[in-house]
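Examination of the molecular architecture
So the chains spell out like this:
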Amino acid sequence: MIGRSIYAVDINPMAVELCKISLWMEAMEPGKALGFLDHHIKCGNSLLGTTPALMANGIPGDAFKPIEGDDKTMCKDLKRENKQERGGQLMLSAPIPRSTAVTLTTEFSQLAVQDDATLAARQEKAARYHAVVRSAEYEHAKFLADAWCGAFVLPKRAPDDLAITHRVFRDWQANPDAVPPEDHDQVERISRQYNFFHWHLAFPDVFRLPAPGERPKNDQTGWSGGFDCVLGNPPWERIKLQEKEFFAQRSPEIANASNAASRRRMIAKLQETDPPLRQAFLRAKRIAEGWSHLVRDSGRYPLCGRGDVNTYAVFAELNRLLIAASGRAGFIIQSDIATGDTYRAFFEDLLQASQLVSFYDFVNTEGIFPGIHRTHPHFCLMTLSGTHTGKPADFAFWNTNPTHLAEPERHFTLTADEIDLINPNTHTCPVFRSKHDAELTKKIYRRVPVLIREAQNGKPEENQWGIRFLAMFHMSNDSHLFRTRDALG
């Protein structure tokens, strides 16, 4: 059963192998072969990839924003060239021919139910899987997906660098033989470097192209289907190279610099004192900026790919896209996804779509996670539905251990309209310690308007209280008005 119902992805190859071993040990049956899992347990960067909808629109202009090491003039010229190509008659093309997509869905669906109880059956199943993923159709479909992502992160430094513009991409879609071998190799190299992972190609039995006349589950992805259940504890890391961490082992002197400005000066001197270390730093910086570039500018994460991007938020948006209409997703992330300003568009969209089932906020003061400091920012258990629930989301804040969730007085509900009533300017989630506090606050705000409702979405500002904000004196801007004791004599 594990080979039919469980899917997993990890960027670490060792974690993938350990996952397989763990599942084999859990499901081991005497006299039977270890089940074949390569088609369900895979290695890759689950955040970095493309979708049928993105590929159908071709190469966007934002692919040519410069990152570390790119020539800005060259990027500007490529962006102009790409815009001209998109303005022509090159827009109508499918990312994968429907016949290929249907074949992949059929093959992977049959693999999922194929018997592998004996060694011979397992070998036959493995041979069938490898025949599919090594077929010309599958390899070209994966190459095109890799090329679409590569357009963002391939070096753009010299005229002879490979530049995948809209026309190049459409030519490769139409004719696999039009791909020069050296270009094919470059795309494969950049794919390995970033570990691109395309969900609709990795699991075509789960994420299929919609049938003729059928709308995709999500216009953002262009696929139908999805998982019945998505579980995860994603990493909470900024998609940005941390200089102190990079140099901690390589050069403690740089890592322990008194401030960021001093550290940057020391890094610049590496050109003379340690060129290999400087090159390693620039390579790592480019890869980190490439990650950020794909997350921010590819269109894959329009709601969470913003600000000082943190992986936990991007995973939250990804999980929402991966669940089927009847599915649920549950994961542990920072509570800032709902209470902070950076990701308020995502939280607001969840409420408007009525897809947020529950949001249980915790603090680590009792050491729920022993390895995390007890003053660490709030984290939450977040549960999403694949479709409109028709019910207000259930909230509980300031829990210090899981048993608090059994206390009814801690729980309260909030709808999108109620959050708009209480926090009309930020649309972030208000925090209450009890149901009584939440209900009391709702009643107050229904009777008494907020001080100022800022102008939004074409609606004018509302200032029923006639409030004006001003700074009477500002130590910097009004410094000329202040006198020292000595000046006053």
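The notes below deal with the structure included here. What you see as residue numbers is a count from 1 along each chain, following the sequence as written. Under the rules for a predicted model, residues below a pLDDT of 70 receive no local features and side-chain atom pairs below 80 are neither given nor counted, while totals for whole chains, interfaces and linings still include all residues. Think of the side-chain values as coming from all heavy atoms in the structure, minus any hydrogens and water.

**A word on the overall build of the protein**
Put simply, the rule reads: Secondary structure elements follow DSSP: runs of H or I of four or more residues count as helices, runs of E of two or more count as strands, with numbering from the N terminus. Three exposure classes are used, based on accessible area relative to the maximum for each residue type with a 1.4 Å probe and protein chains only: buried under 20%, partly exposed in between, and exposed over 50%. Should any heavy atoms of two residues lie within 4.5 Å, those residues are considered in contact. For the accessible areas, the method is Shrake-Rupley and the probe is 1.4 Å, while residue cover comes only from the protein chains on display. As used throughout, the charge tally considers Lys and Arg to be positive and Asp and Glu to be negative, leaving His and the chain termini uncounted. Charge positions are represented by NZ for Lys, CZ for Arg, CG for Asp and CD for Glu.
Of the regular secondary structure elements, the protein holds 19 helices and 10 strands. Along the three orthogonal principal directions, the C-alpha set of the protein runs to about 90 × 60 × 50 Å. Within the span of the protein, comprising 489 residues, buried residues form 44% of the whole. The long-range share in the protein, meaning contacts at least 24 apart out of those at least 6 apart in sequence, stands at 70%. Total accessible area computed for the protein in this model is approximately 26,000 Å², and 53% of it derives from carbon and sulfur atoms. Counting 58 positive and 60 negative side-chain charges, the protein places the averaged centre of each group 4 Å from the other.

**A short note on the pattern of salt bridges**
Worth spelling out the cut-off: A side-chain nitrogen of Lys or Arg and a carboxyl oxygen of Asp or Glu constitute a salt bridge if their distance falls within 4 Å.
A complete count under the given rule lists 17 salt bridges for this structure. Each of Glu418, Glu439, Lys442 and Arg446 takes part in a single network of salt bridges with overlapping partners.

**Quick notes on the pairing of strand β6 (residues 323-334)**
The line we're drawing: Should DSSP find at least two bridges between two strands, the strands are taken to pair.
Taken together, the five bridges between strand β5 (residues 227-232) and β6 define a ladder with parallel strand orientation. Along β6, the bridge assignment pairs Phe227 with Ile323. With seven bridges connecting them, β6 and strand β8 (residues 379-385) associate as antiparallel partners. When the sheet's bridge partners are listed, Arg328 is paired in β8 with Ser385.

**Side note on the nonpolar core**
Where we set the bar: The definition of a nonpolar core used throughout is a set of buried Ala, Val, Leu, Ile, Met, Phe, Trp, Tyr and Cys residues joined through side-chain atoms within 4.5 Å.
One finds Ile164, Ile337, Leu356, Met382 and Phe395 to be the most contacted residues of the largest nonpolar core, which totals 92 residues. Excluding its chain neighbours within four sequence positions, the residues that come into contact with Met382 are Ala329, Gly330, Phe331, Ile333, Ile337, Phe346, Leu350, Leu356, Ser358 and Phe359. In terms of nonpolar packing, the next biggest core, distinct from the first, is built from eight residues, Phe246, Ala255, Ile267 and Phe281 among them.

**Quick look at the packing of aromatic side chains**
For clarity, the threshold we go by: For Phe, Tyr and Trp, where Trp contributes only its six-membered ring, two rings pair if their centres lie within 6.5 Å, and the inter-plane angle classes them as stacked under 30 degrees, edge-to-face over 60, or tilted in between. We call a charge positioned over a ring when the NZ of a Lys or the CZ of an Arg lies within 6 Å of the ring centre and within 35 degrees of the ring normal.
Taken as a whole and assessed by the stated rule, the structure comprises 30 aromatic pairs. Ring centres of Phe207 and Phe227 lie 5.1 Å apart, and the angle between their planes is 85°; on these two criteria the pair is classed as edge-to-face. One end of the pair, Phe207, is in strand β3 (residues 207-208); the other, Phe227, is in strand β5, and 20 residues separate them in sequence. Residue classification places Phe207 among the buried residues on the basis of a relative accessible area of 2%. In this structure an aromatic cluster arises from ring pairing among Tyr7, Phe197, Trp199, Phe203, Phe207, Trp223 and Phe227. Its end group placed over the ring of Trp398, Arg433 keeps NZ or CZ at 4.2 Å from the ring centre.

**Some points on the pairing of strand β9 (residues 393-399)**
Each regular strand carries side chains that alternate between the two faces of the sheet. Where burial is concerned, most of β9 is hidden: six out of the seven residues are buried. Relative to β9, strand β7 (residues 356-362) runs parallel, the two being bridged by four bridges. Bridge pairing links Tyr360 to Ala396 in β9. Pairing of β9 with strand β10 (residues 412-414) involves three bridges; the strand directions are antiparallel. Counterpart to Ala393 in the pairing with β10 is Leu414.

**Remarks on the sheet that holds β8**
For clarity, the threshold we go by: Axis geometry follows a simple rule: fit a line to the C-alpha atoms, using only the stretch in contact for helices, then measure angles between N-to-C directions, giving values from 0 to 180 degrees.
On the basis of which strands lie adjacent, the open sheet formed by six strands has the order β5-β6-β8-β7-β9-β10 and mixed pairing. Whereas interior strands pair on both sides, the edge strands pair on one side only; in this sheet they are β5 and β10. Averaged over all pairs of adjacent strands, the angle between their axes in this sheet comes to 15°, without regard to strand direction.

**Looking at a negative patch on the surface**
Defined as follows: Put simply, a patch holds well-exposed residues, over 30% relative accessible area, that have no salt bridge, with like charges counted together within 9 Å and Val, Leu, Ile, Met, Phe, Trp or Tyr side chains within 5 Å.
A contiguous patch of negative charge, built from Glu139, Glu182, Asp185 and Glu188, is present on the exposed surface. Looking at the negative patch, the element that brings in the most residues is helix α9 (residues 181-194), giving three residues. Of note, Glu188 is situated in helix α9.

**Comments concerning unusual backbone geometry**
One non-glycine residue, Trp398, adopts positive backbone phi at about 60°. Mapping Trp398 onto the fold places it in strand β9. Even without glycine at this site, His427 takes up a positive phi of about 60°. Checked against the element boundaries, His427 lands in the loop between α18 (416-422) and α19 (435-447). Looking at His427, the relative accessible area reads 12%, which means it is buried.

**Re a nonpolar patch on the surface**
A contiguous nonpolar surface patch, about 640 Å² in accessible area, is contributed by Met14, Leu18, Ile21, Met25, Met28 and Leu34. With respect to the helices and strands, the residue Leu18 is situated in helix α2 (residues 13-27).

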